[in-house]
Amino acid sequence: MGGKTGFAIAAVLVAVLADAAGAATTRLDPQGTVLLDGRKVFPVVLAKGPEPETTSPAGRDALDEVVEAGVNVFKTGPASRPWWPEDIAAAVEYDRAAAARGAFTWANLATLSDAEPGTLKEGRLREVVAALESDPSRAALAFWKGADEPWWAGTAPSALQFAYCLGTSRGQPSWCADKPAADDEHLWVTIQAPKGTPADLAPYTPVTDIHGVDHYPVTYTAEDPDLHEVGTWTGTVASVTPSGAVWTTLQVCASGSSDPAGSGNFVLPTRQQERYMIYDAIINGARSLAFYGGNLDRCWTAGDAAHGWNWTFWDTVLEDLIREMNAASPIAHALVNPGSTRRLSSNELTTQVISRQGATEDELWVIAARQGAGTEPVTISGLPERIQSGTVYTEGRTVDVRDGAFTDSFGRWDVHVYRFVVPPLPPPAPAPPAQPPAAPAPPVQPTGSVPATARRPALCIVPNVRLKPLPRAKWALIRAGCRIGRVRMVRSTRVRKGRVVAQGVRAKSRLRRGARVGLLVSAGR
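Here is what the cut-offs are and how they apply
- Residues numbered from 1 in each chain as written.
- Predicted model: local features only at pLDDT ≥ 70, side-chain atom pairs only at ≥ 80, totals over all residues.
- Heavy atoms only, no water.
- Pairing = 2+ DSSP bridges.
- Helix = DSSP H or I, 4+ residues; strand = E, 2+ residues; numbered from the N terminus.
- Contact = heavy atoms within 4.5 Å.
- Axes fitted to C-alpha atoms, helices over the stretch in contact; angles between N-to-C directions.
- Nonpolar A, V, L, I, M, F, W, Y, C, P; charged D, E, K, R; others polar.
- Expected span 1.5 Å × (residues − 1).
- Buried < 20%, exposed > 50% of the residue type's maximum accessible area, 1.4 Å probe, protein only.
- Arc of directions from axis to C-beta.
- Disulfide = S-S within 2.5 Å.
- Salt bridge = Lys/Arg side-chain N within 4 Å of Asp/Glu carboxyl O.
- Bend = angle between axes of the 7 residues up to and from the residue.
- pLDDT = per-residue confidence, 0-100.
- Phe/Tyr/Trp six-rings, centres within 6.5 Å; stacked < 30°, edge-to-face > 60°.
- Lys NZ or Arg CZ within 6 Å of the ring centre and 35° of its normal.

(A) Here's a closer look at the sheet that holds strand β15 (residues 363-370). In space, the six strands of this open sheet follow the order β12-β14-β15-β20-β17-β18, with antiparallel pairing throughout. At either end of the open sheet lies a strand with only one pairing partner, and these are β12 (342-343) and β18 (397-400). Inspection of the sheet shows strand β14 (residues 351-357) paired to β15 by seven bridges, in the antiparallel sense. By the bridge assignment, Gln357 is partnered in β15 with Leu364. Sheet contacts for helix α9 (residues 271-283): β12, β14, β15 and β20 (415-421); angle to β15, the most-contacted strand, approximately 120°.

(B) Examining the packing of helix α2 (residues 62-69) against helix α11 (residues 311-325) more closely. Close contact between α2 and α11 brings their axes to 9 Å; oriented N to C, the two are set at 30°. Residues Ala62, Glu65, Val66, Glu68 and Ala69 of α2 lie in contact with α11, whose contacting residues are Trp311, Trp314, Asp315, Glu319, Ile322 and Arg323. Grouping the constituent residues of the contact of α2 with α11 by class yields six nonpolar, no polar and five charged.

(C) Layout of helix α4 (residues 120-134). Taking 1.5 Å as the rise per residue, α4 with 15 residues should run 21 Å; its terminal C-alpha atoms sit 21 Å apart, in good agreement. Glu122, Leu125, Val128, Val129, Leu132 and Glu133 are the residues of α4 that are buried. Angular distribution of buried residues about the axis of α4 spans 130°; they occupy a single face of the element. Exposed residues on α4 whose side chains face more than 90 degrees from its buried face are Leu120 and Ser134.

(D) Region of the structure containing the state of the cysteines. For the coordinates displayed, the defined rule picks out three disulfides. Paired by a disulfide, Cys165 and Cys176 hold their sulfur atoms 2.0 Å apart. One quick way to see it: the torsion about the S-S bond of Cys165 and Cys176 is about -110°, and its sign makes the bridge left-handed. Remark: Cys176 occurs in the loop between α6 (161-168) and β8 (187-192) and Cys165 occurs in helix α6; sequence separation between them is eleven residues. Assigned by exposure class, Cys165 and Cys176 land together as buried. Here Cys460 is linked by a disulfide to Cys482, with a sulfur-sulfur distance of 2.0 Å. Negative torsions about the S-S bond denote left-handed disulfides, and the value of about 95° found for Cys460 with Cys482 makes this one right-handed. Taken together, the residues span a long stretch of sequence, with Cys460 in strand β21 (residues 459-461) and Cys482 in the loop between α14 (470-479) and β22 (483-490) at a distance of 22 residues. Summarising the burial analysis for this pair, Cys460 and Cys482 share the class buried. Listing the disulfide partners of the protein chain by sequence rank of the bonded cysteines yields 1-2, 3-4, 5-6.

(E) Structural detail: the pattern of salt bridges. Counted under the stated rule, the structure contains 20 salt bridges. Taking the shortest distance from any N to any O, the salt bridge between Lys40 and Asp29 comes out at 3.9 Å. A residue pair is termed long-range when its members are at least 10 positions apart, and Lys40 in strand β3 (residues 39-41) and Asp29 in the loop between β1 (26-28) and β2 (34-36) qualify at eleven residues. Classification of Asp29 by relative accessible area gives buried; the value is 11%. Ionic pairing is found between Arg126 and Glu122, a salt bridge with its closest N-O pair at 3.0 Å. Residue Arg126 and its partner Glu122 are located together in helix α4, separated by four residues, close to a single helical turn. Residue classification places Arg126 among the partly exposed positions, given a relative accessible area of 23%. The exposure class assigned to Glu122 is buried, which follows from its relative accessible area of 6%. Connected through salt bridges with shared partners, the residues Asp61, Asp64 and Arg101 form a single ionic network.

(F) Layout of unusual backbone geometry. Look at the link from Ala47 to Lys48: it is a cis peptide, with omega at 5°. One non-glycine residue with positive phi stands out, namely Thr394, at about 70°. Tracing the sequence through the fold places Thr394 in the loop between β17 (389-392) and β18. If you check the backbone angles, Lys508 has positive phi at about 75° while not being a glycine. In this structure, Lys508 sits in the loop between β23 (500-503) and β24 (510-512). The class for Lys508 is exposed, based on a relative accessible area of 71%.

(G) Highlighting α11. When the terminal C-alpha atoms of α11 are compared, their 19 Å separation across 15 residues agrees well with the 21 Å that a helix rising 1.5 Å per residue should span. Within α11, the axis deviates most sharply at Leu318, by approximately 50°. Of all the residues in α11, the buried ones are Trp311, Phe313, Trp314, Val317, Leu318, Glu319, Leu321, Ile322, Glu324 and Met325.

(H) Summary view of the confidence of the model for the protein chain. Residues of the protein chain with pLDDT of at least 70 account for 92%, and the chain-wide mean is 91. A low-confidence stretch, residues 1-21 (pLDDT under 50), is modelled with 14 contacts involving residues beyond four sequence positions or located in other chains. Confidence drops under a pLDDT of 50 for residues 446-456, and excluding neighbours within four residues, the segment shows three contacts in the predicted structure.

(I) The pairing of β18, seen in detail. Sheet topology places β17 next to β18; four bridges connect them, and they run antiparallel. Residue pairing for β18: Gly390 is matched across the bridge by Val399. Between β17 and the antiparallel strand that follows it, β18, lie four residues; Thr394 among them carries a positive phi value of about 70°.

(J) Layout of the packing of aromatic side chains. Summed over all chains, the structure comprises 15 aromatic pairs. Taking the centre distance of 6.1 Å and the plane angle of 55° together, the rings of Trp309 and Trp314 count as tilted. With respect to class, Trp309 is no different from Trp314; both count as buried. Positioned above the aromatic ring of Trp106 is the side chain of Lys75, whose terminal nitrogen or guanidinium carbon lies 5.7 Å from the ring centre. A cation over an aromatic ring shows up here: Lys195 above the ring of Trp152, its NZ or CZ 5.0 Å from the ring centre.

Below, the structure is given as structure tokens:
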């Protein structure tokens, strides 16, 4: 790009951003879902993504390509030094690029997160916050990153109080040491290592808004990595985070990905492994997902090196998985509706299952992930009994449901995601016709002679006919002064064919004479 052309485009970009409405504001809803300018979002984060002004192997603008697939947040800032001037300039440039594409950023303040009042770190922290918030690109700034793996690093929660208070205006008033806060519009994210106990990690919850964990089980030396550790550690952090705001960072590439002997070889997760880890994290409480290490050259091919990012992993694994769960995907509404989560039952101990409501009240999503060895049929139960079938998301097939349960085949590290539509409840039975006026009292009968009409009850007192054969159930209802309502046949594994599974009116209910009582009758297995 020529100098004059570049300056002209930059000037236009700044002018466009200046017209945008203020800084982005992030908050949490009562279930720990991120609210970005009031909208529920599921952050899908690249930590880090490709650099601005670079291209993908397909020749497209790099940021355009990943944003179009569904990435909505990019990590910015230095990992190990306390924000030199060039780091601030690079972060502003990234904010501008993200804002131009409707995406957001997560500024890494880890090296400043233990600032103390009156120190150089406090001054630098204020400088960074002011620089990012004074530029028109502040519309892209969404999150601050706090301390990196503080428990494992031996950083006490008390050492993080001042920076958290200064950066968010939250925490105990004394934490700001009578100094004005630098920001109150963005959430603070603290990521733990997969180490320690719940009791070790819980004290860090008050000094962050979002509590997270990073775990990268696929390593060069691990012959059979335990991918479910991702879900286990996500659940551990969730157990000490009352807000439910949990962030899980998954791997692209990390220090354990390459050959420790220095051969230059490396290993990355397969598509099946990465997909399992994504849904394992969601099942166990993740409200945000980050993908770490695309910028680490230890896991690059020659083609990746030419474009400055791990496009091989993107093209073969990550792109399709992000499209599967992005904000425009069918499952998007379920991802930002964790308050509707229910644990479903499975007959196989290594299979975890949850359900969530989707875009409408009658749309139900079920996510099931299995860690056990081999391939097994797994029966999942606990669905509304009115459901008869559902579709398997991204797999182009269906499953049949009976009595609220269905069976599907699962291999090790398999994930199946199901979409069901709950049929409406059947309409209530029509009211019985009005009864004719009571007949005049019959003449007095001789002793010992009682006419049949006098022996019929004046009310319908509903008998208990559950488990009775249908003919006996009908006769019992008639004798009790009731009428037979709608009789429906249903499949049942517990009640013998031809016997009553359930009755429409509770036993011992007192109804007007001739009231109808519906029956559900077993059709067998």
